[in-house]
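Below, each chain spelled out in residue letters.
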Amino acid sequence: MNLASIPSPSTGVIELGPIPLRGYAFCIIIGVFVAVWFGNKRWIARGGKAGTVADIAVWAVPFGLVGGRLYHVITDYQLYFSEGENWVDAFKIWEGGLGIWGAIAFGAVGAWIGCRRRGIPLPAWADALAPGIAFAQAIGRWGNWFNQELYGKPTDLPWAVEISEGANRVAGTYHPTFLYESLWCIGVALLVIWADRRFTLGHGRAFALYVAAYCAGRAWIEYMRVDEAHHILGLRLNVWTAIIVFVLAVVYIVVSAKLRPGREEIVEPDRDTTPGKDSGADGSAKADAAEKDAEDAEAKKDPLSKDEPGKGRTAESTEAAAEKG
């Protein structure tokens, strides 16, 4: 009998009148805000402009949600398309089920689109956002606690999570793998922040470090889980995914450090000085100022271009002087 354990919420939904506030969705939303807020601070520290991270996140977040859901539905298709299941449930994202692998992959596509529109390098933006993403994952994992999902093997440890009887689950106390991953993600975020300051990481290497560190933890945490999953050669599919992505991230760090050492000096171009980018009153004022500068420069080259005291004479004044002579 456990003398201490982590109780699970009796429900994952809080009714605010006609509006249901779902714990899972709430954790995801808070995580996104934290990632954007912290990423914005890091982006400004690297020489970028305030608001750029949020502008690009408008593209990255929707793509990430779609990708995360697609990965989950594809890898756990039996939950939605097997006999007796309702395929419509595949669209009920609020009930849980986001694969981080799909979220990062599709989110990167959305971020790439946003970065191209702003004319900034995707690797630099990813480096700025990397620890914020890890913090977001740490917060988002608590959404699994609200849904009583993603727990590990039975245990009598004091920090075991209590799971109540329900669909596809048996009441008992289990390893809180959601908590393990949450704490691991916090450690990953702190590691990236430290390494970025210590080694001046650039060109996507801070993001690659986040990916590698997360995969290292996800592999052993995934091994502890007892929920249904596909296996390949005795290992869960997500364990294989973590191993492969870890290797790719490490290779990228090594190769990138050799090909592009150091960090980007300029992460965001000055859009105000880009031809054709000015608009409105500011643009008109700058155009007028440029035209005035051009006129002044021309006057200095040709002193006879203006009939002003001390500035030379015009052609008419020269002819008048000749007639008097």
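It should be emphasised that the depicted structure is a prediction, and the values quoted were computed from it without experimental measurement.

A. Molecular detail of the nonpolar core. Judged by nonpolar contacts, the single largest core of 38 residues is most densely connected at Trp43, Trp101, Trp125, Val192 and Tyr210. For this core, the elements supplying multiple residues, two or more each, are helix H1 (23-45), helix H2 (52-75), helix H4 (100-118), helix H5 (122-140), helix H7 (177-199), helix H8 (205-224) and helix H9 (237-259). Among the elements that make up this core, the one with the highest residue count is H8 (9 residues). When neighbours within four sequence positions are excluded, Trp125 is seen to be in contact with Trp43, Thr52, Val53, Ile56, Ala57, Ala60, Ala111, Cys115 and Ile120. Core analysis: the second largest hydrophobic core is formed by 7 residues, Ile6, Val161, Ile163 and Phe178 among them.

B. Representation of the pattern of salt bridges in the model. Counted under the stated rule, the structure contains 11 salt bridges. For Arg118, the salt bridge goes to Glu268, with nearest N and O atoms at 3.2 Å. A residue pair is termed long-range when its members are at least 10 positions apart, and Arg118 in helix H4 and Glu268 in the loop between H9 and helix H10 (280-301) qualify at 150 residues. Pair check on accessibility: Arg118 and Glu268 agree, each one buried. The shortest N-O distance in the salt bridge between Arg141 and Glu181 comes to 3.1 Å. In this pair, Arg141 is assigned in the loop between H5 and helix H6 (142-146) and Glu181 in helix H7, connecting sequence segments 40 residues apart.

Conventions we followed
- Chains are numbered independently. Their residues run from 1 in the order of the written sequence.
- This being a predicted model, a pLDDT of at least 70 is required before a residue's local features are given, and a value of 80 or more before pairs of side-chain atoms are given or counted; all residues contribute to the totals for chains, interfaces and linings.
- To obtain the side-chain values, all non-hydrogen atoms of the structure were used and water was disregarded.
- In these notes, a set of buried Ala, Val, Leu, Ile, Met, Phe, Trp, Tyr and Cys residues joined through side-chain atoms within 4.5 Å is what counts as a nonpolar core.
- Type-normalised accessible area, obtained with a 1.4 Å probe on protein chains alone, sets the label of each residue: buried when under 20%, exposed when over 50%, and partly exposed for intermediate values.
- Each helix is a run of H or I in the DSSP string that is no shorter than four residues. Each strand is a run of E no shorter than two, and both are numbered from the N terminus.
- Note on contacts: a residue pair qualifies if any of its non-hydrogen atoms lie within 4.5 Å across the two residues.
- Salt bridges are defined by distance alone: a side-chain nitrogen of Lys or Arg within 4 Å of a carboxyl oxygen of Asp or Glu.

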